[in-house]
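In case you want the letters, here they are:
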Amino acid sequence: MTAVTLGEIAQRFGLKLVGDAGVSIDGVCSLLPGRPGGIAFLNDAKLRDRLGDSAASAVIVREQDAQGLSGAGLVAADPYLAYARIARLFDPDRPFSPGRHGSAQIAADAHVGEGCWIGPQAVIESGVALGSRVFIGPGVVVGRDTRIGDDSRLLANVFIGPRVRLGARCQVQPGAVVGGRGFGNARGPDGWEEVPQLGGVHIGDDVEIGANTCIDRGTIEDTVIEDGVRLDNLIQIGHNCRIGAHTAIAACTGIAGSTRIGRRCMIGGAAGIAGHIEIADDVILLGRAMVTGSITRKGVYGSGLPLDEVREWRKTVARVRRLGRLDERIKALERGRDVSSAADTEAKGEDV
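Every residue gets a number counted from 1 within its own chain, in the order that chain's sequence is written. Reporting in this predicted model follows two pLDDT cut-offs: at least 70 for local features of residues, and 80 or more for side-chain atom pairs to be given and counted; totals over whole chains, interfaces and linings ignore these cut-offs and use all residues. Computation of side-chain values covers all heavy atoms of the structure but excludes hydrogens and water.

Participant: Please clarify how the environment of Ala110 should be interpreted in this entry.
Facilitator: Tracing the backbone through its elements, the reader meets Ala110 in the loop between β9 (105-106) and β10 (111-112). A C-alpha to C-alpha distance of 43 Å links Ala110 and Ile295, two positions 185 residues apart in sequence. Only heavy atoms matter for contacts: two residues are in contact if any of them lie within 4.5 Å across the pair. In contact with Ala110, other than residues within four places in its own chain, are Ile124, Glu125 and Val128. Strands are runs of DSSP state E lasting at least two residues, helices are runs of H or I lasting at least four, and both sets are numbered from the N terminus onward.

Participant: Is there a simple way to think about the nonpolar core in this case?
Facilitator: Where a protein is soluble and globular, its nonpolar side chains tend to be buried together. We call a set of buried residues a nonpolar core when its members are Ala, Val, Leu, Ile, Met, Phe, Trp, Tyr or Cys and they connect through side-chain atoms within 4.5 Å of each other. Each residue's exposure class comes from its accessible area (1.4 Å probe, protein chains only) as a fraction of the maximum for that residue type: buried when under 20%, exposed when over 50%, partly exposed otherwise. Formed by 50 residues in total, the largest nonpolar core has its most connected members in Ile136, Leu154 and Ile203. When sequence neighbours within four positions are dropped, the list of residues in contact with Ile136 reads Trp117, Ile118, Gly119, Ala122, Ile124, Leu130, Val142 and Leu154. Formed by 17 residues, the second largest nonpolar core is a distinct cluster that contains Ile9, Ile39, Ala72 and Leu74.

Participant: Honestly, the sheet that holds strand β4 (residues 27-28) in this entry has me stumped. Any pointers?
Facilitator: Pairing between the strands of a sheet is mediated by backbone hydrogen bonds and can be parallel or antiparallel. For two strands to pair, DSSP has to find at least two bridges joining them. Read across the sheet, five strands follow the order β2-β7-β6-β5-β4 without closing on themselves; strand pairing throughout is mixed. Here the strands that pair on one side only, and so sit at the sheet edges, are β2 (16-18) and β4. Every axis corresponds to a line fitted to the C-alpha atoms, with the helix fit spanning only the stretch in contact, and the corresponding angles, defined between N-to-C directions, vary from 0 to 180 degrees. Together, β2, β5 (38-41), β6 (58-61) and β7 (72-75) form the strand contacts of helix α1 (residues 6-13), whose direction differs from that of β7 by roughly 0 degrees. Strands β4, β5, β6 and β7 of the sheet are contacted by helix α2 (residues 79-87), whose axis makes an angle of about 135 degrees with β6.

Participant: Whenever I open this one, the sheet that holds strand β39 (residues 299-301) confuses me. Can you help?
Facilitator: Strand order in the open sheet formed by eleven strands is β8-β11-β14-β17-β20-β25-β28-β31-β34-β37-β39, and the pairing between neighbours is parallel. The open sheet terminates on both sides in strands that have one partner only, identified here as β8 (99-100) and β39. Where strand β14 (residues 135-136) and strand β17 (residues 153-154) come together, two bridges link them in parallel fashion. Counted as the bridge partner of Ile136 is Leu154 from β17.

Participant: Where do I start with the packing of aromatic side chains in this structure?
Facilitator: For any pair of aromatic rings, the description consists of the separation of the ring centres together with the inter-plane angle of the planes. Pairing of aromatic rings covers Phe, Tyr and Trp, the last counted by its six-membered ring, and requires centre-to-centre distances within 6.5 Å; plane angles under 30 degrees mean stacked, over 60 mean edge-to-face, and any other angle means tilted. Counted according to the given criterion, the structure contains four aromatic pairs. Ring centres 4.8 Å apart and planes at 35 degrees place the aromatic pair Phe41 and Tyr83 in the tilted group. Linking Phe41 in strand β5 with Tyr83 in helix α2, this pair joins segments that are 42 residues apart in sequence. Residue classification places Phe41 among the partly exposed positions, given a relative accessible area of 23%. Taken together, a centroid distance of 5.2 Å and an interplanar angle of 65 degrees make the contact between Phe96 and Phe135 edge-to-face. Note that Phe96 is positioned in the loop between α2 and β8 and Phe135 in strand β14, a separation of 39 residues in sequence. Lysine NZ or arginine CZ positioned within 6 Å of the ring centre and within 35 degrees of the ring normal marks a charge as sitting over the ring. Looking at Arg153, its charged tip hangs above the ring of Phe135, at a distance of 4.8 Å from the centre.

Participant: How do you make sense of the side chain of Gln173 when you look at a structure like this?
Facilitator: In this fold, Gln173 is placed in the loop between β20 (171-172) and β21 (177-180). What makes Gln173 buried here is its relative accessible area of 18%. The contact partners of Gln173, leaving out residues within four places of it in the chain, are Leu155, Val158, Glu208, Ile209, Gly210 and Ala211.

Participant: Any chance you could explain α2 here in plain terms?
Facilitator: The α-helix advances 3.6 residues per turn, and as a result positions three or four apart in sequence lie on the same side. Burial in α2 covers these residues: Pro79, Ala82, Ile86 and Ala87. Buried residues along α2 cover an arc of 130 degrees about the axis, so they all sit on one side. Elements that come into contact with the buried residues of α2 comprise α1, β4, β5, β6 and β7. Here a polar contact means two N or O atoms within 3.5 Å. Within protein one must be a hydrogen donor candidate and the other an acceptor candidate, and residues neighboring in sequence count only if both atoms are side-chain atoms. At the N-terminal boundary of α2, the capping side chain belongs to Asp78, with an oxygen 3.2 Å from the backbone nitrogen of Tyr80. Directions pointing from the helix axis toward each C-beta atom define the arc.

Participant: When you look at the pairing of β7 in this model, what are you seeing that I'm missing?
Facilitator: Along any regular strand the residues' side chains alternate between the sheet's two faces. Side chains of β7 alternate between two faces, with Ala72 and Leu74 and Gly73 and Val75 buried alike. One ladder, built from four bridges, connects β6 with β7; its direction is parallel. In the strand pairing of β7, Ala58 is matched with Ala72.

Participant: Help me understand α1, please; the structure alone is not making it clear to me.
Facilitator: Among all positions of α1, only Leu6, Gly7, Ile9 and Ala10 are buried. One face of α1 carries all of its buried residues, which in axial projection span an arc of 160 degrees. In α1, the exposed positions that point more than 90 degrees away from the buried face belong to Gln11 and Arg12.

Participant: Looking at this structure, how should I read a nonpolar patch on the surface?
Facilitator: A cluster of nonpolar side chains, Leu305, Val310, Trp313, Val320, Leu323, Leu326 and Ile330, forms an exposed patch at the surface whose accessible area comes to about 610 Å². Structurally, the position occupied by Ile330 is in helix α3 (residues 310-351). Within the patch definition used here, like charges are joined within 9 Å and nonpolar side chains (Val, Leu, Ile, Met, Phe, Trp, Tyr) within 5 Å, considering only residues with over 30% relative accessible area and no salt bridge. Here the accessible surface of atoms and residues is derived via Shrake-Rupley with a 1.4 Å probe, and residues count as covered only by protein chains that are part of the display. Salt bridges are counted wherever a side-chain nitrogen of Lys or Arg sits within 4 Å of a carboxyl oxygen of Asp or Glu.

Structural data, given as structure tokens:
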């Protein structure tokens, strides 16, 4: 995008203007060192005294920090959120020209909406319907009978399986697999036998799916990802899971099948969540949390051992391993006390 004035940005996003409305902004920048033409944000009160050191042409601040501005700026209740919205004006990856690459394979009965781009070596199978302004990157495969909503973006080498419903304004990062076969197997007399995965995946609006993340289709009913969910890279979501609206999940988390996670949850990296359990709304799980049972109340939960110097870490692990034996010793001592108490009571009764 070409440069815009600070006044135009203030008007567009409903922000209070401080200083010269005619300041030209051609992009975003960090607060320090900053650069002429860039707009930065202050989200850390510890840097308030450094506002005068920034070379940025404008800074987004809270009301209580506005007096520290030495030049132009914008006042927002949440500077980071305001920055995120303004930064989209200057994102070079968003605009694209509609069309179809000559090497794309598109089924005769597929519906391609107005303003779409279908990239090199992409495959659009039978019964697919693409909304308007959908971006299909190189090497993307969209399986049969899938629906993709307006303004969604599928980047390079994404695989969308059959019977998937992807909402509007979704972003799917490179290498993600949505609607692959769920991990369904039945043990027979001669080994494992496949359980057909006959459901699909239903994804709401404004969902982001990170690179190489996998979402399995349902066994019978659909796997469901509700509106506004944010999934980082390298996440595994098993068949028949349901992820509540506006939940965010960090990288390398694994969620076993048929688990229900509530709305507005925040799940740290490398968490492991067992199957067939429920997690309430507004739950926060710290990184490396191991969840083996349902969580029925909102709150912050953690598990796993934090980092320590290896000698101390080994001592801690050894103590944990001894807890079982210590528990048995305590129970034995308690049983001994109970026997002694009973004997004392009986003796006192005889004395009486």
